[in-house]
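Examination of the molecular architecture
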Amino acid sequence: KNLSRQKLRDPRRTEEMANFSHPCAAVSHVFFKTAAVLTYILCEWFSDNFVVNFVVLATLLACDFWTVKNVSGRFLVGLRWWHEVNEDGSSQWKFESLDEEGQKTIDTFEKRIFWWSTYAVPVIWVLLGLVTLLRLHWTYLIIVLLALVLACSNLVGYVKASRDQTKQISDMLGTAKAFSVIKNLV
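Presented here is an overview of the structure given in this document. Because the structure is a prediction, the values reported are computed rather than measured.

A word on the overall build of the chain. Helix and strand counts for the chain come out as eight helices and two strands. Its helices and strands in sequence order give the chain the pattern α-α-α-α-β-β-α-α-α-α, from N to C terminus. When each of the 186 residues of the chain is scored for burial, the buried share is 33%. Pairs at least 24 apart in sequence give 67% of the contacts found in the chain among residues at least 6 apart. Within the structure as shown, the chain displays about 12300 Å² of accessible surface, and the carbon and sulfur contribution to it stands at 65%.

Structure below.
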């Protein structure tokens, strides 16, 4: 028996969440990023043991990486990327995206959530890394580097998979070049 989407809605969800096409993917996309950043900021209040903090943060970062790569990228923006190692040892990145008709079905608010958080998180980790350097907590830089590698891998993979994002970045770089030419002329 076919049930309409309206009948399947949970009355406990808020109206905003009810309007999401993929609320679980959107929430988990933001949850693991936020949890990792907040845990990094607050971890020394709860435990002085670096190993415990590292394991908890590495687990949250791995969950974030996996969720973004395998769940939220597909559902929120219709993109997918993966890396393959060929039999000869060479590596190859593969990209998939929905066709133009499929892209029209993507919710614009969920798309904004995906891209804003995907771009913002590496910037946040760079800032946290600078604070860590200033505090001279060298061991915690390992966590920041892990976070940056995972976040930037997803960012690069999804930018390469997305025709829209690649075009926007090239447009921004073209605008930046134009501004630098004008600045040099003045």
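We now examine helix H3 (residues 23–46). In the structure, H3 departs most strongly from a straight axis at Tyr-40, where the bend amounts to approximately 45°. For H3, the complete set of buried residues consists of Pro-23, Ala-25, Ala-26, Ser-28, His-29, Phe-32, Lys-33, Ala-35, Ala-36, Val-37, Tyr-40 and Cys-43.

With that settled, consider the packing of H3 against helix H7 (residues 140–161). At a minimum axis distance of 12 Å, the contact between H3 and H7 shows a crossing angle of 160°. When the axes of H3 and H7 are compared, the pair comes out roughly antiparallel. The two elements H3 and H7 cross, and the hand of that crossing is right-handed. From H3, Tyr-40, Cys-43 and Glu-44 reach across to H7, where they touch Tyr-140, Ile-143 and Val-144.

Time to look at the side chain of Ser-47. Note that Ser-47 resides in the loop between H3 and helix H4 (50–77). Looking at Ser-47, the relative accessible area reads 16%, which means it is buried. Side-chain polar atoms of Ser-47 contact the backbone nitrogen of Asn-49, separated by 3.1 Å. In contact with Ser-47, other than residues within four places in its own chain, are Val-52 and Asn-53.

Analysis parameters
Residues numbered from 1 in each chain as written. Predicted model: local features only at pLDDT ≥ 70, side-chain atom pairs only at ≥ 80, totals over all residues. Heavy atoms only, no water. Helix = DSSP H or I, 4+ residues; strand = E, 2+ residues; numbered from the N terminus. Buried < 20%, exposed > 50% of the residue type's maximum accessible area, 1.4 Å probe, protein only. Contact = heavy atoms within 4.5 Å. Areas by Shrake-Rupley, 256 points an atom, 1.4 Å probe, with all protein chains shown as cover. Bend = angle between axes of the 7 residues up to and from the residue. Axes fitted to C-alpha atoms, helices over the stretch in contact; angles between N-to-C directions. Parallel < 35°, antiparallel > 145°, perpendicular 65-115°, else oblique. Left-handed = near helix turned anticlockwise from the far one by under 90°. Polar contact = N/O pair within 3.5 Å; in protein donor to acceptor, adjacent residues only side chain to side chain.

Taken by themselves, the reported measurements are silent on function.
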